[in-house]
Amino acid sequence: MGYKEIYRRYRQQILDGRLKPGERVPAIRVLASELQVARKTVEAAYEILTGEGYFVSQGAKGTHVNPDLQLPSVASVATSELILAPSPPSSESKGELRLGIPALDAFPHKKWLLLAGKIARSLRPEEMVVPPVMGYQPLREAIANYLNISRGLNCKPGQIFITNGYRANLQLILSVLAQPNDKVVFEDPGYFLGQRLLKHIAPSLHYVPVDQQGMDIDYLQRNHADARFAIVTPTHQSPLAVSLSLPRKHQLLEWAQQNNSWVIEDDYDGEFHYTRKVTPALKSLDIHERVIYTGTFSKTIMPAMRIGYLVMPLATVGRFSELGQILETGLPLLPQKILAQFINEGHFYRHLKKMRILYQQRRRMMLDAIQFMFPDLFEFELTGGGMHIVAFLKCDRQDTALAELWRKHELCVLPLSGWYAQQPKRYGLVIGYTNIQSVEQAQAILQRVAEKTRCLFSDPGGMGIPTQ
Ligand SMILES: Cc1ncc(COP(=O)(O)O)c(C=O)c1O
């Protein structure tokens, strides 16, 4: 490599905004050794970059990108275009009222960091080799205990397969148990990321409508009795948050048993139920072992940790284990060890208890704020739990335009109609409330869009939006 190439690469990095003014660049000697070129070659490139004003040499402090460099903001133009372009909802969207993010202010960070430090320091050399494919054994034990006690299951640690979350769970299950053209049914409306993934990996994908009692099992039996997989969110339907009624739970299990089909239970936020009536998992009723239970720590700990799991029916453990060795690598050990300790020392249970109370309060705050700001625009069908609310539009269908408008103001809500695959659809906004700390804060957030929302529906005053 010659000096011109080194010069060109640095210049490009700076112009693209990847190297920022003030950032230090490697010493000539270090870069020469890294690129295996003579020091003179790097020196020549650095001299030109300095001569052109991209670099400044600061003696013993090394060479830096010129801190006074003023560049046309290529990166920021690109970013703002990205935000403004109507983009499909993504799990990486930023903003307030985001769906499914735990209360970040209420997580016991200190405790977590203390454990993390202790565990990182105690990692033994033999633990640095390869992690177990199905998960760190003490974590599998902790999860099995938790599910048996809190979610009414009756599983053994050997049935737990630790994964990096929902999508990994679905892919693994279908890889292990499905034939290429097996019929898969999904709820309508249903989790948009699930739908998107299944459109890629399940060629025969069909939908079953959801009503106040959850998935319509009569419809399933009438139209898709031959399905091999039914993917459901029985505790809090995603997104309507209704619970699958007990008669339908039994009907679904009976159908699965008679057809030798599998029910994939997605219990993503089953921990957060607020009524006195506990809602045990569907899996707790599964005497014939037709349910593959899936869970996640994204709602109870943090999504960035990327730890989820599935409970393999006993008869399938061999198949999962065999294919797991081919398809999977096991998750990084360190976060699994920290989590296992967090559960085993009782912090997890304490945290859940606190969050159940907090989320109930925050849900009330959010509802009060919406009703105050938009008294006639939305209506609610309050359910027993969940980490989001659905604000149904009372008499309008423009939820996509409304959500887009709110998202432009960093209110990261989703249009309900976008979660539907077929007609009839319902219209409204899916709103996360878990990080709302007061009614006033919620009102201040909504105030950012009050005026424009009124304009969108071009009925000034008609929806009773306060003008304050
Ligand atoms: C319906 C549903 N299932 C599962 C998950 C969990 O996803 P993951 O474990 O990949 O974070 C979520 C998260 O938002 C969800 O909304």
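Please read these numbers as outputs of a predicted model, since none were measured by experiment.

One pass over the full model with this rule turns up 20 aromatic pairs. Ring geometry for Phe297 and Phe348: centres 5.6 Å apart, planes at 65 degrees, overall edge-to-face. Of the two residues, Phe297 is situated in the loop between strand S9 (291–296) and strand S10 (308–311) and Phe348 in helix H13 (residues 347–373); the sequence distance between them amounts to 51 residues. Phe348 shares its class with Phe297; the two are buried. For the pair Phe378 and Trp406, a centre-to-centre distance of 6.3 Å together with 85 degrees between the ring planes defines the contact as edge-to-face. You can see Phe378 sitting in strand S11 (residues 378–379) and its partner Trp406 sitting in helix H14 (residues 399–408), a full 28 residues away along the chain. Across the pair, Trp406 and Phe378 agree in class, each one buried. The ring of Trp262 has Arg290 lying over it, and the distance from NZ or CZ to the ring centre is 3.9 Å.

Moving on, we get to unusual backbone geometry. With an omega dihedral of 5 degrees, the bond running from Asp188 to Pro189 counts as a cis peptide bond. Along the chain, the position of Pro189 falls in the loop between strand S4 (183–188) and helix H8 (192–201). Cis geometry marks the peptide bond from Gln423 to Pro424; its omega dihedral reads -10 degrees. The phi torsion at Ala241 lies on the positive side, around 65 degrees, for a residue other than glycine. Along the chain, the position of Ala241 falls in the loop between strand S7 (229–232) and helix H10 (246–259). One non-glycine residue, Asn260, lies in positive phi territory at about 60 degrees. For Asn260, the location among the structural elements is in the loop between H10 and strand S8 (262–266). Residue Asn260 is classed as partly exposed on the basis of its relative accessible area of 46%.

With the rule as written, the count across this model stands at 17 salt bridges. A salt bridge links Arg362 to Asp105, with the nearest nitrogen and oxygen atoms 2.8 Å apart. One end of the pair, Arg362, is in helix H13; the other, Asp105, is in the loop between helix H4 (74–84) and helix H5 (109–121), with 257 residues separating them in the sequence. Judged by its relative accessible area of 5%, Arg362 is buried. With relative accessibility at 42%, the residue Asp105 sits in the partly exposed group. In this structure, Glu451 engages Arg454 in a salt bridge whose closest nitrogen and oxygen atoms are separated by 3.1 Å. Residue Glu451 and its partner Arg454 are both found in helix H15 (residues 439–456); the two are separated by three residues, about one turn of the helix.

Thresholds applied
Residues numbered from 1 in each chain as written. Predicted model: local features only at pLDDT ≥ 70, side-chain atom pairs only at ≥ 80, totals over all residues. Heavy atoms only, no water. Phe/Tyr/Trp six-rings, centres within 6.5 Å; stacked < 30°, edge-to-face > 60°. Helix = DSSP H or I, 4+ residues; strand = E, 2+ residues; numbered from the N terminus. Buried < 20%, exposed > 50% of the residue type's maximum accessible area, 1.4 Å probe, protein only. Lys NZ or Arg CZ within 6 Å of the ring centre and 35° of its normal. Salt bridge = Lys/Arg side-chain N within 4 Å of Asp/Glu carboxyl O.

These figures capture arrangement, not role.
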